Amino acid sequence: MKKTATIKSVLAALAVVPLVALLAGCAGASEGPAAGTDGDAIKIGVVGASDPYWAVYTEAAAAEGIEIEIVDFAQYPQVNPALAAGEIDINQFQHIVYLAEYNEASNENLAPIGATAIYPIGLYSTQYSSVDDIVKGDTVAVPDDDSNQARALVVLQSNGLIVLKDGGSIFSGLDDIDEEASKVKVKALEASLTVASLPDVAAAVINNDFAEKGGLKFEDAIATDDATDPQALPYINIFVTRDEDKNNETFLKLVEIYQNTQDVQDGVMAVSGDTAQMVTTSAADLAESLATVQADIKATQ
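Residues numbered from 1 in each chain as written. Predicted model: local features only at pLDDT ≥ 70, side-chain atom pairs only at ≥ 80, totals over all residues. Heavy atoms only, no water.

### Considerations on the confidence of the model for the protein
Counted only if it meets this: Note on scores: pLDDT gives the predictor's confidence for each residue, bounded by 0 and 100. In this analysis, two residues are considered to be in contact whenever any of their non-hydrogen atoms come within 4.5 Å of each other.
In the predicted model, the protein carries a mean pLDDT of 86, and the fraction of residues at 70 or more is 86%. The low-confidence segment residues 1–37 (pLDDT under 50) makes 75 contacts with residues lying over four places distant or belonging to another chain.

The structure is reproduced here in structure tokens:
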């Protein structure tokens, strides 16, 4: 299947995802007491545990009788393996495309149980105040994980810095760059290193959480993608758990608490510099979208 065809099918499936409230009360997947009611804290893996809203969320969960422990990870690639291995119970750091690529690459079946937000991704520079000022032949850094790299490349193309031979999709990679037709060279770095690379490159595409931790102001981005564009829908951020736990009542209640606690929502918006688009897409629709993306990934291999 051609990449252009696959991205159309992904977006067609995701474009009809309704932004409706997640319903509670699903049957638990395992026997015995629900997690969090037997004295054991539910461990939630995140990247950026220092964000203030996690403390607010922990208190909101405690008010509902659920003890949680926020477990911090320094890098994205560490979090899903920790969940698969049972070191944590839930994670919340990734979008649909990232999870789909992990499941396919690792032969895992991690499952989304709730939505949080779509975050725009930004292009930052300490050398230039405008994309137009970037000089031909300059180097721009992008994240090296496949899903965020593809998104970053589309941002660069939208701003006239590169040309992608595949037209730009969730599957675009460095090999798809038409170097002769492009204005800049592109270097891939581990996502957590993109901020530190700024003194050495003309600009870097940096994920929101690393931009915030690196002391960057979101309004200083010289370019961003549009979180409301249908092409951004595969990048809905999600709560994820092991497949056997996807119907756990307590886990689903934690999604509800996140989505319905105004102080948590306000905290997420504050950390994102008011750039996040909060969403409440149902677990069933997220699972359907994940399956579509994974099927399209298989078709391109």
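Picking up where we left off.
### Side note on the pairing of strand β7 (residues 185–189)
As a general feature of sheets, a regular strand has side chains that alternate between the two faces. Cut-off, in case you're wondering: Between any two strands, pairing holds if DSSP finds at least two bridges. Numbering of helices and strands starts at the N terminus; helices are DSSP runs of H or I of at least 4 residues and strands are runs of E of at least 2.
As paired elements, strand β6 (residues 139–143) and β7 share 5 bridges and run parallel to each other. Directly across from P143, in β7, lies its bridge partner L189.

### What about the packing of helix α2 (residues 53–63) against helix α7 (residues 249–260)?
Test applied: To obtain each axis, a line is fitted to C-alpha atoms, and for helices this fit is confined to the stretch in contact; angles are then taken between N-to-C directions over 0 to 180 degrees. Angles below 35 degrees are treated as roughly parallel, those above 145 as roughly antiparallel, those between 65 and 115 as roughly perpendicular, and all remaining angles as oblique. Left-handed describes a crossing whose near helix is turned anticlockwise from the far helix by less than a right angle; the clockwise case is right-handed. In the scheme used here, Gly and all other residues not listed as nonpolar or charged are polar, with Ala, Val, Leu, Ile, Met, Phe, Trp, Tyr, Cys and Pro taken as nonpolar and Asp, Glu, Lys and Arg as charged.
In contact at an axis separation of 10 Å, α2 and α7 are set at 125° when each is read in the N-to-C sense. Between α2 and α7, the angle falls in the class oblique. Seen along the crossing, α2 lies across α7 with a hand that is right-handed. Between α2, through Y53, W54, Y57, A60 and A61, and α7, the contact on the second element is made entirely by L254, V255, I257 and Y258. In terms of residue class, the contact of α2 with α7 is built from 9 nonpolar, no polar and no charged.

### A short note on unusual backbone geometry
Operational definition: Throughout this description, buried means an accessible area under 20% of the type-specific maximum (1.4 Å probe, protein chains only), exposed means over 50%, and partly exposed covers the range between.
Positive phi, close to 55°, is recorded for N107, a residue that is not glycine. Along the polypeptide, N107 turns up in the loop between α4 (96–106) and β4 (111–118). Among the residues examined, N107 registers a relative accessible area of 73% and is labelled exposed. One non-glycine residue with positive phi stands out, namely D274, at about 60°. Mapped onto the elements, D274 comes out in the loop between α8 (262–271) and β11 (277–278).

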